[in-house]
Amino acid sequence: MSNELVDLRKQMDEISLKILELLNERGNVAQQIGKLKEMQGVKRFDPVRERELLDLIASHNDGPFETSTVQHIFKQIFKASLELQKDDNRKALLVSRKKKPEDTIVNVKGEKIGDGNPHFIMGPCAVESYEQVKKVAEVIAEKGLTLIRGGAFKPRTSPYDFQGLGLEGLKILRKAADEHQLAVVSEILNPNDIEMALDYVDVIQIGARNMQNFDLLKAAGSVNKPVLLKRGLAATIEEFMYAAEYILAQGNSQVILCERGIRTYERATRNTLDISAVPILKKETHLPVVVDVTHSTGRKDLLLPAAKAAMAIGADAVMAEVHPDPAVALSDSAQQMNIPEFHEFMDALLNKKTKIHS
Ligand SMILES: C=C(O[C@@H]1C=C(C(=O)O)C=C[C@H]1O)C(=O)O
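Counting restarts for each chain: residues are numbered from 1 in the order of the written sequence. Side-chain atom pairs in this predicted model are given and counted only at pLDDT of 80 or more, local residue features only at pLDDT of at least 70, and totals for whole chains, interfaces and linings cover all residues. Excluded from the side-chain calculations are hydrogens and water; all other atoms, namely the structure's heavy atoms, are used.

The name given to the protein in an unreviewed UniProt entry is Chorismate mutase, and the organism recorded there is Fictibacillus phosphorivorans.

Below, the structure is given as structure tokens:
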């Protein structure tokens with residue numbers, strides 16, 4: 001190689017390192033700007049500011065690069081700076097695994113959700129009577145399970161559909177659960193009902209329709225009780241994580257995330273089970289993840305394969321609905337299992353003796 005080429009390449013090395021240093025210096029400033037924007041609640045992306053910078057660059061460009069070329073390079077830098085601001089925010093999130101690398105285990109009366117073993121949350125869609133819940137509690141206990149779900153407050157699409165038994169429903173659940181040493185998972189709709197619910201439930205459920213009910217999230221975050229947060233019908237994984245962040249930000253870190261299917265164009269199932277959300281949530285957050293196979297599929301014939309898929313992909317628990325007489329159920333009658341179906345379902349899953357995280 002000629003001496004001249006060696007010299008020029010040396011110059012190139014030095015200039016490249018200078019650019020690198022300046023680029024990272026710029027990155028640091030972008031991060032500081034990002035923090036300020038976060039504090040002020042301002043959007044990170046600012047196209048007007050980017051336009052100003054591109055104009056400034058154009059007015060100072062003496063070549064040899066074309067202005068359009070330099071602008072193209074700077075657009076890439078803006079994009080990378082925005083990513084840097086985003087990453088910085090993510091790192092700060094309490095739900096983030098970057099913040100807390102080890103798994104959160106939510107202990108519900110001795111049932112350690114998130115410990116690497118499969119757990120099951122079973123029960124009727126809605127609490128209808130003591131007799132109904134008692135029958136379900138019996139079979140749940142018989143199978144060696146410890147968690148029972150049931151809705152006392154029902155957020156229904158139509159205001160004319162059964163709205164649940166309310167407080168009476170919670171009392172029924174508590175009584176039937178206590179008779180079999182079960183823990184109660186039940187949805188609360190109103191922030192003002194959280195305190196009252198503490199006497200009856202072991203896990204406060206926040207339903208899909210309330211995933212962004214921020215007052216409810218804050219109320220659930222300010223008590224010392226596990227919370228099962230369902231993903232909203234049309235919520236992105238990021239929005240879901242931010243909803244959980246509302247609970248943790250209030251001081252309650254006992255949060256279980258629940259994938260329950262999202263709304264897509266597909267009509268073959270009631271919702272579309274976003275199975276890949278499970279490993280993404282496990283990777284991005286330290287919280288346990290549950291899959292609700294009933295609401296995601298809305299089809300009895302898909303409950304077992306969906307539960308197997310959930311366990312195989314790393315879910316910490318499976319939630320499904322069971323009713324002593326689904327045909328006369330006051331809600332979700334087509335998708336709840338009857339008792340023999342529940343036995344078959346559980347046998348198929350328990351006999352596998354799957355250890356989730358090998
Ligand atoms: C750094 C900022 O945030 C973003 C990144 C920009 C950049 O890298 O120059 C410009 C505008 C914003 O889209 C800012 O607003 O100044």
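Visitor: How do you make sense of the overall build of the protein when you look at a structure like this?
Guide: Along the protein, the regular secondary structure elements total twelve helices and ten strands. C-alpha atoms define the radius of gyration, and 2.2 Å times the number of residues to the power 0.38 defines the globule rule. Here the C-alpha atoms of the protein give a radius of gyration of 26 Å, more than 25% beyond the 21 Å that 2.2 N^0.38 yields for 358 residues. Under the scheme applied here, a residue whose accessible area is under 20% of the maximum for its type counts as buried, over 50% as exposed, and between as partly exposed, the area being computed with a 1.4 Å probe on protein chains only. Out of the 358 residues in the protein, the part that is buried amounts to 46%. Any two residues whose heavy atoms approach within 4.5 Å are treated as being in contact. Relative to all contacts within the protein whose residues are 6 or more apart in sequence, the contacts with residues 24 or more apart total 70%. Within the structure as shown, the protein displays about 18,300 Å² of accessible surface, and the carbon and sulfur contribution to it stands at 54%. By the criteria applied, helices consist of DSSP H or I runs no shorter than four residues and strands consist of E runs no shorter than two, each listed in order from the N terminus. All accessible areas in this document rest on Shrake-Rupley with a 1.4 Å probe, and a residue is counted as covered only by the protein chains that are shown.

Visitor: For this particular structure, what's the right way to read the sheet that holds strand E6 (residues 203–206)?
Guide: Two modes of strand pairing occur in sheets, parallel and antiparallel, and in both the strands are linked by backbone hydrogen bonds. Strands sit in the order E3-E4-E5-E6-E7-E8-E9-E10 around a closed barrel of eight strands; the barrel is parallel. Between one strand axis and the next, the sheet turns through 25° on average, direction left out of account. For two strands to count as paired, DSSP must find a minimum of two bridges between them. Sheet topology note: the strand E9 (residues 289–292)/strand E10 (residues 317–321) ladder contains three bridges and is parallel. Counted as the bridge partner of Val290 is Ala317 from E10. Orientation is described by lines fitted to C-alpha atoms, with helices fitted over the stretch in contact, and by angles between N-to-C directions that extend from 0 to 180 degrees. Against the sheet, helix H4 (residues 130–142) makes contact with strand E3 (119–123) and strand E4 (147–149), and its axis sits at roughly 150° relative to E4, the strand it touches most.

Visitor: Is there a simple way to think about the site of the ligand in this case?
Guide: Residues are labelled near a given molecule or strand when at least one of their non-hydrogen atoms is within 4 Å of it. Taken together, 13 residues are adjacent to the ligand, and Arg26, Lys37, Asp46, Glu50 and Leu53 come closest. Residue Glu50 places a side-chain N or O atom 2.6 Å away from an oxygen atom belonging to the ligand. Note that an oxygen atom of the ligand is positioned 3.3 Å from one of the side-chain N or O atoms of Gln85. Look at the ligand: alone it shows 360 Å² of surface, and the protein chains cover 93% of it. Those elements that place two or more of their residues in the shell around the ligand are helix H1 (3–40), helix H2 (47–60) and helix H3 (67–92). For the shell around the ligand, the leading source of residues is H3, giving four residues. N or O atoms within 3.5 Å of each other form a polar contact, as long as, within protein, one can give a hydrogen and the other can take it, and as long as residues adjacent in sequence are counted only when both atoms are side-chain atoms.

Visitor: Explanation requested: the pattern of salt bridges in the structure shown.
Guide: Any two side chains of opposite charge can pair if their charged atoms end up close together. By convention in these notes, a salt bridge is any Lys or Arg side-chain nitrogen within 4 Å of a carboxyl oxygen on Asp or Glu. This structure, assessed with the given rule, holds 17 salt bridges. Notably, a salt bridge pairs Lys134 with Glu138, separated by 3.5 Å at the nearest N-O pair. In this pair, Lys134 and Glu138 are both assigned in helix H4, four residues apart and thus about one turn of the helix distant. With relative accessibility at 32%, the residue Lys134 sits in the partly exposed group.

Visitor: So what exactly am I meant to see when it comes to the packing of aromatic side chains here?
Guide: Two rings belonging to Phe, Tyr or Trp (six-membered ring only in the last case) form a pair when the distance between their centres is within 6.5 Å. Interplanar angles under 30 degrees mark stacking, angles over 60 mark edge-to-face geometry, and anything in between is tilted. Summed over the entire model, instances satisfying the criterion amount to two aromatic pairs. The ring of Tyr130 carries the charged tip of Lys175 above its face, separated from the ring centre by 4.3 Å. Any Lys NZ or Arg CZ found within 6 Å of a ring centre and within 35 degrees of that ring's normal is scored as a charge over the ring.

Visitor: Sorry, what's going on with the side chain of Arg97 here?
Guide: Within the secondary structure layout, Arg97 lies in the loop between H3 and strand E1 (106–108). A polar atom in the side chain of Arg97 sits 2.7 Å from the backbone oxygen of Pro101. Engagement of the side chain of Arg97 in a polar contact is seen with the side chain of Asp103, the distance being 2.6 Å. Beyond its immediate stretch of four places on either side in the chain, Arg97 contacts Glu102, Asp103, Lys282, Lys283, Glu284, Thr285 and His286.

Visitor: Help me understand the packing of H4 against helix H5 (residues 167–179) in this model?
Guide: When two helices pack together, you describe them by how their axes are tilted relative to each other and by the distance separating the axes. The N-to-C vectors of H4 and H5 enclose an angle of 30°; their axes lie 9 Å apart at closest approach. The crossing of H4 and H5 is right-handed. Residues Tyr130, Val133, Lys134 and Ala137 of H4 form the contact with H5, whose participating residues are Ile172, Leu173, Lys175, Ala176 and Glu179. By the convention adopted, Pro, Cys, Tyr, Trp, Phe, Met, Ile, Leu, Val and Ala count as nonpolar, Lys, Arg, Asp and Glu as charged, and the other residues, Gly among them, as polar. Tallied by class, residues from the contact of H4 with H5 come to six nonpolar, no polar and three charged. It is the rotation of the near helix from the far one that decides the hand of a crossing: anticlockwise by less than a right angle makes it left-handed, clockwise makes it right-handed.

Visitor: I keep staring at the domain arrangement of the protein and nothing clicks. Help me out?
Guide: By convention, interface size is frequently given as the accessible area that disappears when the constituent parts associate. Start and end positions for the domains come from either an automated domain assignment or a database one. Here the protein is partitioned into domain 1 (3–92) and domain 2 (106–350). For domain 1 and domain 2, the distance between their C-alpha centroids amounts to 46 Å.

Visitor: Sorry if this is basic, but what is going on with the pairing of E10 here?
Guide: Every regular strand shows the same layout, with side chains that alternate between the two sheet faces. With five of five residues buried, E10 is to be regarded as a mostly interior element. Burial of E10 is two-sided: the residues Ala317, Met319 and Glu321 facing one way and the residues Val318 and Ala320 facing the other way are all buried. Note: E3 against E10, five bridges, orientation parallel. Looking at E10, one finds that Met122 is bridged to Ala320.

Visitor: Can you help me understand the state of the cysteines in this one?
Guide: Cysteine pairs can be covalently joined through their sulfur atoms, and such a bond is termed a disulfide. Pairs of cysteine sulfur atoms within 2.5 Å are what we label disulfides. Applying the stated criterion across every chain, the model contains zero disulfides. Here Cys125 is not disulfide-linked; the sulfur of Cys258 is the nearest cysteine sulfur, at 13 Å. Of the residues examined, Cys125 reaches a relative accessible area of 2% and is grouped as buried. Owing to a relative accessible area of 0%, Cys258 belongs among the buried residues under this scheme.

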